[in-house]
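# Summary of structural features
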Amino acid sequence: MLAVEQLTKRYGSREAVRGISFSVEKGEIVGFLGPNGAGKSTTLRMITGFLAPTGGRIQVGEIDAVADPIGARRQIGYMPEGVPLYLEMRVHEYLRYRAELKGIGRKAREEAVERSLGQAAVEDAADRIIGQLSKGYRQRVGLADALLADPPLLILDEPTSGLDPNQIRSIRALIRGFEGEKTVFLSTHILPEVEATCGRVVILNEGRIVGEGDPAQLRGRAAGGTVRFVGRGELGAFEAALAALEGADAVRLDVDGELVRGRVRLEGADAAERLFAAVAEAGLALRELKTEGTSLEDVFTALTTEEAAGSDDALEDDDDLEEAADDDEEGADDLEGASADEDDEPADDDETLAEEDES
Amino acid sequence: MSAAWTIAKREIRSYFTSPIAYVVLLAWVFVTGLSFYTLVFWFAGRPSTGGSDNPLTLFFGGTVLFWLPLLVFAPVMTMRLFAAERAAGTLEPLMTAPVSELGIVAGKYLAANVFWWVLWLPTLLYVWIISRYGDVDLGTVASSYLGVVGIGLFYMAWGMLMSALAPNQIVAAVLTFLVLGLFFVAGIMQFVAIDTSREVLAYISVWSHMADFSRGVVDSRYLLFDVTMSGLAFFLTVRVLAWRRVAG
């Protein structure tokens, strides 16, 4: 549905997007992940024709979007970042105007407005003035606009940024509902968003693609990671036990009363078990034991900080990653299970993450 | 081109749902009213000369009371066309709709001219007032308004271009004021210039332009000038929008 080849955008001497290639199949929901300033919005703006690429090809369905931008735009429902709207207009009035602008005939227009109001769950605000709506509602008006012409491809730039947890949940549910029906390409810098809505993710950093795969595959890459524990005993005894543990790295121990709090970097899926065994062997007791680092956050951090050294390596790693994931389907399932568990309490996490990212 | 009509309709509606339209209209009615009152008062104070001049002739471009307000009002009317949309970010949904740059510019331009015409509607009242106390030649009135429409094409196009170029509305208004002011000053230089430069300056002079039209002289050279100047600014605005897609 969407294929991008060697897409480049240069602003003066600064290269915002550096020859990226990816494709999105029909019916897929794909997340476009990257830190602020990675070039996500620039890429989306080139796909939707707001910006002209410096180089490269964009194929929307059967249409070459660079040669026929207006034809390509007919296939796309776009929600720009921040959802700019005419604040003085009423919701239905705005949508009617947009429908007319998108060339929907007079007869079909009213029906299209009603349908998209329903799809974006914004019917109850249809008569209100956009400027008086909450951010969540405005976001949904933007989504309704994107859905007006019933386009096969939806391009959503930061669809949940600035929303409260309930609004985030409802927008995500809306987007998930499109799976199989519409092709969705959405950008975000919020990690839980990708896990909650996307079947696949493309990670962009400094204008280059540094990773691609499904969220579970990417998580699998960071299996192991950091193990935290709280134990009782002498600091020296813990130090000795961890020194004997093979692969233990970046050990940090703090004394807290008669307890010792520790943090160890340890690779492998059985990291916690090995640490437990090592501590028990030394005759020490543990109160708490927790592994961290199976989150996308670590993958993201790794990809978007370390890869600055060389992006070619990153792409090679990617191939390895996909092979590994195919070999280890069960592992991936486990991780998905783990993510589902975490999903029970995501609202708070999302909120804090969203807030951090916003600032 | 149906997109242009859609955009024009929205633009006009947005003019008249925002307070700015009413502030501009009110100020305009006040300023033109004052100008009309002054002219009528002036004519009433002197014996009839039997010449072609009457309050209406002078009202339509015969004094600075006409031009000074226009040089201020035109920039205010056009400053928001593109600059406001860019500041609010609404240019992005507009330019990612399946509409050409030409359609967008045509819609905005039409809307600006409609507002210009609306601005002149109240002045029909002055024509009516004069007609009650003296003879009004409808042909002269028609040509006066034709001149006004021509000036509108010219002013609105250059205001629109400045709005597309400027980073915000204030800069757009100032740039428009400067450009239109420059044309105006260059035009009235005809009164001090000599030989060929005088003819060239007379040709671009909005003052002579209106002086002819307000006396019932429809000079096609002036209309050609208006159409050429506005066509140029219109085309440049389309180019600016296309260029912004490239420059970001």
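Residues numbered from 1 in each chain as written. Chains lettered and ligands numbered in written order. Predicted model: local features only at pLDDT ≥ 70, side-chain atom pairs only at ≥ 80, totals over all residues. Heavy atoms only, no water.

## Points about the overall build of chain A
Filter applied, for reference: Going along the chain from the N terminus, every DSSP run of H or I of four or more residues is numbered as a helix, and every run of E of two or more is numbered as a strand. Throughout, exposure labels follow a simple rule: accessible area from a 1.4 Å probe, protein chains only, divided by the maximum for the residue type, with under 20% read as buried, over 50% as exposed, and the rest as partly exposed. We call two residues contacting when some pair of their heavy atoms lies within 4.5 Å. Only the protein chains shown count as cover for residues, and the accessible areas themselves come from Shrake-Rupley with a 1.4 Å probe.
A tally of helices and strands in chain A yields 14 helices and 14 strands. Relative to its full complement of 359 residues, chain A shows a buried share of 49%. At a minimum sequence separation of 6, the contacts of chain A that also span at least 24 residues come to 70%. A total of about 16,500 Å² of accessible surface is found on chain A, and carbon and sulfur atoms cover 44% of it.

## Overview of the packing of aromatic side chains
Residue and element names in this part refer to chain B. As a reminder, the rule being used: Working definition: rings of Phe, Tyr and Trp (its six-membered ring) pair if their centres are within 6.5 Å, and the pair is stacked with planes under 30 degrees apart, edge-to-face with planes over 60 apart, and tilted otherwise.
All told, the structure shown has 32 aromatic pairs over all chains when counted by the stated rule. Each ring, one from tryptophan 28 and one from phenylalanine 73, has its centre 5.1 Å from the other, and the planes form 75°; the classification is edge-to-face. Of this pair, tryptophan 28 sits in helix α2 (residues 19-44) while phenylalanine 73 sits in helix α4 (residues 64-78), and the two are 45 residues apart along the sequence. As far as the burial class goes, tryptophan 28 and phenylalanine 73 line up, both buried.

## Some remarks on a nonpolar patch on the surface
All names here are of chain B. To keep things clear, this is the line we draw: Here the term patch refers to residues with relative accessible area over 30% and no salt bridge, with like charges joined within 9 Å and nonpolar side chains (Val, Leu, Ile, Met, Phe, Trp, Tyr) within 5 Å. Within this document, salt bridges are pairs made up of a side-chain nitrogen of Lys or Arg and a carboxyl oxygen of Asp or Glu, the two lying within 4 Å of each other.
A contiguous nonpolar surface patch, about 590 Å² in accessible area, is contributed by Val72, Ile170, Val171, Val174, Leu175, Phe177 and Leu178. At six residues, the largest contribution of residues to the nonpolar patch is made by helix α10 (residues 169-188). Note that isoleucine 170 resides in helix α10.

## Quick look at the environment of Arg115(A)
Residue and element names in this part refer to chain A. What counts, and what does not: Nitrogen and oxygen atoms within 3.5 Å of one another constitute a polar contact, given that in protein one can donate a hydrogen and the other can accept it, and given that sequence-neighbouring residues count only through two side-chain atoms.
Inspection of the secondary structure puts arginine 115 in helix α4 (residues 106-119). Given a relative accessible area of 31%, arginine 115 falls into the partly exposed group. Those residues in contact with arginine 115 that sit more than four places away from it in its chain are Leu147, Leu148, Ala149 and Asp150. In this structure the side chain of arginine 115 is engaged in a polar contact, spanning 3.3 Å, whose partner is the backbone oxygen of leucine 147.

## What to know about the sheet that holds strand β4 (residues 55-60) of chain A
Residues and elements named next belong to chain A. What counts here: Strands are treated as partners if at least two bridges between them are detected by DSSP. To get an axis, a line is fitted to the C-alpha atoms, and for a helix only the part in contact is used. The angle between two axes follows their N-to-C directions and goes from 0 to 180 degrees.
Read from one edge of the open sheet, four strands run β2-β1-β4-β5, paired in antiparallel fashion. Across the chains shown, the open sheet's two edge strands, defined by having one partner strand only, are β2 (14-24) and β5 (63-64). Looking at chain direction, β4 and β5 are connected through two bridges and run antiparallel. By the bridge assignment, glutamine 59 is partnered in β5 with aspartate 64. The sheet strands contacting helix α1 (residues 40-47) are β1 (2-11), β2 and β4, and the helix crosses β1 at an angle near 115°.

## A short note on the interface of chain B and chain A
Threshold: Summed over both partners, the accessible surface that disappears when two parts come together, traced with a 1.4 Å probe, is what is meant by buried area. The nonpolar class holds Ala, Val, Leu, Ile, Met, Phe, Trp, Tyr, Cys and Pro. Asp, Glu, Lys and Arg form the charged class, and all remaining residues, Gly among them, are polar.
Across the boundary between the two partners, chain B contributes 27 residues, which contact 25 residues of chain A. Surface buried jointly by chain B and chain A totals about 2,300 Å² across both partners, of which 59% is contributed by carbon and sulfur atoms. Applying the counting rule to chain B against chain A returns four salt bridges. Across the chain B-chain A interface, the total number found is 15 residue pairs in polar contact (both at pLDDT 80 or more). Going through the elements one at a time, α1 (2-17), α5 (80-88), α6 (91-95) and α13 (220-247) of chain B are the ones with two or more residues in the side of chain B that touches chain A. Examining the composition of the side of chain B that touches chain A, we find that eight residues originate from one element, α1(B), more than from any other. Grouping the constituent residues of the side of chain B that touches chain A by class yields 12 nonpolar, eight polar and seven charged.

## Let's talk about α1(B)
Since the α-helix advances by 3.6 residues per turn, residues separated by three or four positions end up pointing in the same direction. Quick note on the threshold: Here, expected helix span is obtained from the residue count minus one, scaled by 1.5 Å.
The end-to-end C-alpha separation of α1(B) is 23 Å, in line with the 22 Å expected for 16 residues at 1.5 Å each. Within α1(B), the full set of buried residues consists of Ala3(B), Ala4(B), Thr6(B), Ile7(B), Ala8(B), Arg10(B), Glu11(B), Ile12(B), Ser14(B) and Tyr15(B). Against the buried residues of α1(B) lie α3 (91-101) of chain A together with α2, α4, α5, α6 and α7 (101-120) of chain B.

## Here we look at the sheet that holds strand β6 (residues 76-79) of chain A
Residues and elements named next belong to chain A. Taking strand neighbours across the sheet as the criterion, the six strands line up as β6-β7-β8-β3-β9-β10 in an open arrangement whose pairing is mixed. Strand pairing shows two members of the sheet lacking a second neighbour, β6 and β10 (208-213), which therefore form its edges. Across the sheet, the axes of successive neighbouring strands diverge by a mean angle of 15°, strand direction being ignored. Sheet strands in contact with helix α5 (residues 135-147) are β6 and β7 (153-157), and its direction is about 165° off that of β6.

## Some details on the pairing of β7(A)
Residue and element names in this part refer to chain A. Note the following rule: By convention, orient the strands away from the viewer: a clockwise path from the first strand over the helix to the second makes the crossover right-handed.
Summarising burial for β7: five of the five residues are buried, a large majority. Because side chains alternate across β7, one face comprises the buried residues Leu153, Ile155 and Asp157, and the other comprises Leu154 and Leu156, equally buried. The sheet contact formed by β6 and β7 spans four bridges and is parallel. Each bridged residue has a counterpart across the sheet, and for tyrosine 78 the counterpart in β7 is isoleucine 155. Assessed by its sense of winding, the connection that carries the chain from β7 through helix α6 (residues 165-176) to strand β8 (residues 183-188) is right-handed.

## As for the pattern of salt bridges
Counted under the stated rule, the structure contains 22 salt bridges over all chains. A salt bridge links Glu212(A) to Arg200(A); the shortest N-O distance between them is 2.8 Å. One end of the pair, Glu212(A), is in strand β10; the other, Arg200(A), is in strand β9 (residues 200-205), with 12 residues separating them in the sequence. Under the relative-accessibility criterion, Arg200(A) is labelled buried at 16%. The shortest N-O distance in the salt bridge between Arg245(B) and Glu101(B) comes to 2.7 Å. Of this pair, Arg245(B) sits in helix α13 while Glu101(B) sits in helix α7, and the two are 144 residues apart along the sequence. Looking at Glu101(B), the relative accessible area reads 18%, which means it is buried.

Interpretation in functional terms is not warranted from these geometric data alone.
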